[in-house]
Structure formats: structure tokens, C-alpha cells
Amino acid sequence: MSIPSFTLNNGVEIPAIGLGVYQSAPDETAAAVQTALRTGYRHIDTAAAYRNEREVGQGIRDSGIDRDEIFVETKVWVSDFGYDETLHAFEKATGKLGFDTLDLLILHQPAPGRFERTVAAYRALETLLGEGRVRSIGVSNFTPAHLERLLAESSVVPAVNQVELHPYFAQPELQATDARLGILTQAWSPIGGITFYPGWGEHRVSVMDDEAIAAIAAAHGKSPAQVMLRWHLQEGRSAIPKSTNPLRIAENFDVFDFELTPDELARIDALDTGRRSGPDPDVERPEIFDRPIAEA
């Protein structure tokens, strides 16, 4: 089966659906990556802060699938922002993954309270791109204001902006800004997992339990998660659902054999509450941002 993809603003192709490994325990990550690749995934998203880059690389090697067929994406953590620091962060990431090059390297947070270091980090990404050590570069959790600040001091438009995005928090203004600038919006928490993580707030309603989505899912003989992922794809977004469960990994990839109607897409769009469930990227979190990333 040919996997649908999006073309980034520098011509690089990115598979539409990827496996996310946020909160995947290191001892489960390699197996999850291997399962995903054997299922048909060709895009894996990790990050220095997830502390499982090494296991992602191991899972890719164990899969038996050629590295050149797999789109590998990782993120630089805030404690490694700065020009020289970010160049070194690339070396740490590739050392753990076991690969010389990356398909996409992005900044994990805008960190607006120390934005001069964010800009310096992005200039390091530009250097890595120019040297051919990464195929594309981008950002994560950037708002329109953060993007405008970055573009005023850089020369390469990010290829991707990875943000919290699901039916209850669709960020239409951000999506419009990304589209205007030629940036692909990539959804983390694409099926709303952040809305029901323990400890992330009281009285939250899981998107997975939404009646409107359940009705659309029943009409297509699909699960709510599959409907949400299909919503992302048809509206032109990259999505990186996370799971270590082989059945869920397979289910999240089985979204290419049906199509939502314009009315169904509009009904899902109408669920947006405008309320963020994850961390606010404008809030400085030094106790987290300053956590060091291990050398190996």
C-alpha cells in the first residue's frame, strides 16, 4: 500500500501518519517502533526530552526495514538551546539514534522568556540543514506570535509546527498562520489523549467519548480514534498518534480506506472549545526547561 504523504515547503515528503513515542517507557519503545514499522508506518516521532531516542533507533534497526525508507523526527530540548549547544544536541540525538542524518529536527518549545537562545538554536538548525545533516527543520508549540518573532530573525521558514491539536482544541488561527507561511501543521495529541491523562486537570471530558464523533464512527464502522485521524488527514495535517499497544498501533494506521463527508468534517470542527489541555507555550517552566539532556 502506498502511504499518503505531505510535501514540506522544501520538497521533502513526510508520511501523513507517524508513530509518536511520548511517554513510551524505554523498555517498550523499541518493540512499539518495530511493530509500527511492520504494520506499515514509515514515520517515527521522538524527542530528546522523551529519553527514548536510543530505543527508537534500536526498533528501527530491529524492524529490518531500510533506514532510507523511514522518516525520523526528533526535537531539541530547551536546556540545549543556543547555537553551539544545539549543534551538540544534534550530535547527542544522532549518537543515541545511531544515524548520521535526521529527516526532521525541531525545537521542542518556543521558550519566549529566553527567546534569544531559541533564535540561536534555530540558526543552528539552519546550519545543519545547509550542511545536509538534516533534511528539514521546524518548531513545536509555537503560536502565531512566536512564529512572527522567529521569522523576523531567521532565513528559513520552518517546514513543520508540531502543536496540540484535536477536536476540542483545533487552533484555527494557528492553522491559518501556518498555511499562510507554508508550514505544515503537525498534531500532537491528535486523538485528544491529553484531555484524559491522569493529573492534567479536573472535570475534563475525553474526546474519545464525544457523542458526535461516536456517531460518525458508527456510520463508517470505524473507531472514534480512526475518525479523528481521518479528520486530520483530510484537513491537511500530519498526525502522530502514540501507543505501545500493537492493536492500537494497527488501528491508528487503518485510516486510509474511508472518507469523511464535508458535513462530518464540519461537525467535528464545531466541537472546538478553544481551551488548551496541555501546557501553555507562553508560560516559562524553568524547573522543566532546565532539565539536562544526557550525553549518551
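Everything below is about the structure shown above.
Here we summarise the structure given alongside this text. Note that this is a predicted model, so its numbers are computed, not measured.

1. What to know about the sheet that holds strand β5 (residues 71-76)
Part 1 of the argument: Reading across from one edge, β3-β4-β5-β6-β7-β8-β9-β10 is the order of the eight strands in this open sheet, with parallel pairing throughout. The sheet is open, and its two edges are formed by β3 (19-20) and β10 (238-239), each paired on a single side.
Part 2 of the argument: Sheet analysis places strand β6 (residues 104-107) next to strand β7 (residues 137-140), joined by three bridges and oriented parallel. By the bridge assignment for β7, L105 is matched with I137.

2. A short note on the packing of aromatic side chains
Part 1 of the argument: On inspection of all chains with the given rule, the structure shows five aromatic pairs.
Part 2 of the argument: Ring centres of Y22 and Y50 lie 5.2 Å apart, and the angle between their planes is 50°; on these two criteria the pair is classed as tilted. Note that Y22 is positioned in the loop between β3 and α1 (26-39) and Y50 in the loop between β4 (43-45) and α2 (53-63), a separation of 28 residues in sequence.
Part 3 of the argument: Judged by relative accessible area, Y22 falls into the partly exposed class, the value being 33%.
Part 4 of the argument: Relative accessible area serves as the criterion here: at 15%, Y50 is assigned to the buried category.
Part 5 of the argument: Ring geometry for W77 versus F289: centroids 5.9 Å apart, planes at 75°, classification edge-to-face. Placement of W77 in the loop between β5 and α3 (83-97) and of F289 in helix α11 (residues 286-289) is noted, with a sequence separation of 212 residues between them.
Part 6 of the argument: For F289, a relative accessible area of 0% puts it in the buried group.

3. Overview of the pattern of salt bridges
Part 1 of the argument: According to the stated counting rule, one finds 16 salt bridges in the structure shown.
Part 2 of the argument: Between R42 and E69 there is a salt bridge, and its shortest N-O distance comes to 3.8 Å. Taken as a pair, R42 in the loop between α1 and β4 and E69 in the loop between α2 and β5 lie far apart in primary sequence, 27 residues in all.
Part 3 of the argument: Residue classification places E69 among the partly exposed residues on the basis of a relative accessible area of 48%.
Part 4 of the argument: Residue K75 pairs with D45 through a salt bridge whose shortest N-O separation is 2.8 Å.

4. Thoughts on the packing of helix α8 (residues 224-234) against helix α10 (residues 262-269)
The angle between the axes and the distance between the axes are what describe a pair of packed helices.
Part 1 of the argument: Here α8 crosses α10 at 105°, and the two axes come no closer than 11 Å. It follows from the interaxial angle that α8 and α10 lie roughly perpendicular. The residues of α10 that touch α8, namely those facing V227, W231 and Q234, are L265, I268 and D269.
Part 2 of the argument: Tallied by class, the residues present in the contact of α8 with α10 amount to four nonpolar, one polar and one charged.

5. Remarks on α8
Part 1 of the argument: Here α8 lies mainly inside the structure; nine of its eleven residues are buried.
Part 2 of the argument: Those residues of α8 not exposed but buried are A225, Q226, V227, M228, L229, R230, W231, H232 and L233.
Part 3 of the argument: Positioned one or two residues after α8, G236 has a phi angle of 85°, which is positive.

About the cut-offs
Residues numbered from 1 in each chain as written. Predicted model: local features only at pLDDT ≥ 70, side-chain atom pairs only at ≥ 80, totals over all residues. Heavy atoms only, no water. Pairing = 2+ DSSP bridges. Helix = DSSP H or I, 4+ residues; strand = E, 2+ residues; numbered from the N terminus. Phe/Tyr/Trp six-rings, centres within 6.5 Å; stacked < 30°, edge-to-face > 60°. Buried < 20%, exposed > 50% of the residue type's maximum accessible area, 1.4 Å probe, protein only. Salt bridge = Lys/Arg side-chain N within 4 Å of Asp/Glu carboxyl O. Axes fitted to C-alpha atoms, helices over the stretch in contact; angles between N-to-C directions. Parallel < 35°, antiparallel > 145°, perpendicular 65-115°, else oblique. Contact = heavy atoms within 4.5 Å. Nonpolar A, V, L, I, M, F, W, Y, C, P; charged D, E, K, R; others polar.

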